[in-house]
Amino acid sequence: MLLAMMIGAMAMATRAIDLPGTSVVCPDIDEEVMRCHFDSLDVQPLEGLWYYPDEDMTIAIERWNGTRGVDYRLLLVASDDLELLPGTVIGYMAGSAVDSKLRLWLYTERDHVTLHKPLECVATASHDFTTLTFDPPHWKVKVRVNFARFLPTLFRGISIIPEKQEERLPQGFKKIYPSGGNGHPMNRKRYL
């Protein structure tokens, strides 16, 4: 019962923003087009091209006002995965009461070129906006059922026991354009 309520509350929180359940593909998007786009704007610190090393993909974060409650959308610009088209919307972001913390929704399922089911995470921007880390939600619940019900006031029939997860390094993006290094995906210095 408690688990069902938690899942329902999580689903309602995602729906409260009314995000599209399925991603769309914006035509004619590539890295050079997005660089020109950002050069023509007065960009905010989060806007620009970002590299996601865990998936070896480059994304663009741009301001977005197409959905109430959402401030940015994330577009795929380049990827080794040839099924995903450049210009695919992979997620959305919104600000929060804490400047460095953002609500981040990333699509979690795919059907070839279409992405589905956005899941909310908390993203943390570095003080200089060169990295954006996030830790996807982790749920692990043990359910214990006592069929014997011996001493039912002492040993409940069903109990839910939360289990602590081991600490993991957060995943995230590194900014590569318009500021954030020399444009190399890993922001390494290049010596000429």
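These notes cover the structure that comes with them. Quick caveat: nothing in here was measured; it's all calculated off a predicted structure.

Overview of the overall build of the protein
Counting its secondary structure elements, the protein contains two helices and ten strands. Its helices and strands in sequence order give the protein the pattern α-α-β-β-β-β-β-β-β-β-β-β, from N to C terminus. At a minimum sequence separation of 6, the contacts of the protein that also span at least 24 residues come to 48%. Counting only carbon and sulfur atoms, one obtains 57% of the accessible surface of the protein, whose full area is about 12400 Å².

Overview of the environment of Gln44
Structurally, the position occupied by Gln44 is in the loop between helix 2 (31-39) and strand 1 (48-52). Once you skip the residues sitting within four places of it in the chain, Gln44 turns out to touch Arg63, Tyr72 and Lys175.

As for the nonpolar core
If you look at the biggest cluster of nonpolar residues, it comprises 40 residues, and the most contacted ones within it are Leu74 and Leu132. For Leu74, the contacting residues outside a window of four places in its chain are Ile59, Ala60, Ile61, Thr88, Val89, Ile90, Gly91, Tyr92, Met93, Leu104, Leu106 and Phe173.

Points about the sheet that holds strand 2 (residues 57-63)
Taken together, the eight strands give a closed barrel; going around it, the order is 1-2-3-4-5-6-7-10, and neighbouring strands pair in antiparallel fashion. Strand-to-strand twist across the sheet, computed as the mean angle between neighbouring axes with direction ignored, equals 35°. Strand direction decides the pairing type here: strand 7 (residues 131-135) and strand 10 (residues 171-177), joined by four bridges, are antiparallel. What sits directly across from Thr133, in strand 10, is Gly172.

Details of the environment of Ala60
Position of Ala60 relative to the elements: it lies in strand 2. On the accessibility criterion, Ala60 (0% relative accessible area) is buried. Between the C-alpha atoms of Ala60 and Gly48, which are twelve residues apart in sequence, the distance is 5.6 Å. For Ala60, the residues in contact, after removing those within four places along its chain, are Met34, Phe38, Gly48, Leu49, Arg73, Leu74, Leu75 and Val77.

Digging into helix 2
Among the residues of helix 2, Met34, Arg35 and Phe38 are the ones counted as buried. Along the long axis of helix 2, the arc covered by the buried residues comes to 105°, so they all point the same way. Within helix 2, the exposed residues directed more than 90 degrees away from the buried face are Glu32 and Asp39. Its buried side turned inward, helix 2 meets strand 1, strand 2, strand 3 (72-79) and strand 10. The backbone nitrogen of Glu32 has a side-chain oxygen 3.2 Å away, supplied by the residue at the start of helix 2, namely Asp30.

Some thoughts on a negative patch on the surface
A surface patch of negative charge is lined by Asp28, Asp30, Glu32 and Asp39. Within the secondary structure, Glu32 sits in helix 2.

What counts and how
Residues numbered from 1 in each chain as written. Predicted model: local features only at pLDDT ≥ 70, side-chain atom pairs only at ≥ 80, totals over all residues. Heavy atoms only, no water. Helix = DSSP H or I, 4+ residues; strand = E, 2+ residues; numbered from the N terminus. Contact = heavy atoms within 4.5 Å. Areas by Shrake-Rupley, 256 points an atom, 1.4 Å probe, with all protein chains shown as cover. Core = buried A, V, L, I, M, F, W, Y, C linked by side-chain atoms within 4.5 Å. Buried < 20%, exposed > 50% of the residue type's maximum accessible area, 1.4 Å probe, protein only. Pairing = 2+ DSSP bridges. Axes fitted to C-alpha atoms, helices over the stretch in contact; angles between N-to-C directions. Arc of directions from axis to C-beta. Polar contact = N/O pair within 3.5 Å; in protein donor to acceptor, adjacent residues only side chain to side chain. Patch = residues over 30% accessible without salt bridge, like charges linked within 9 Å, V, L, I, M, F, W, Y side chains within 5 Å. Salt bridge = Lys/Arg side-chain N within 4 Å of Asp/Glu carboxyl O. Lys, Arg positive; Asp, Glu negative; His and termini not counted. Charge placed at Lys NZ, Arg CZ, Asp CG, Glu CD.

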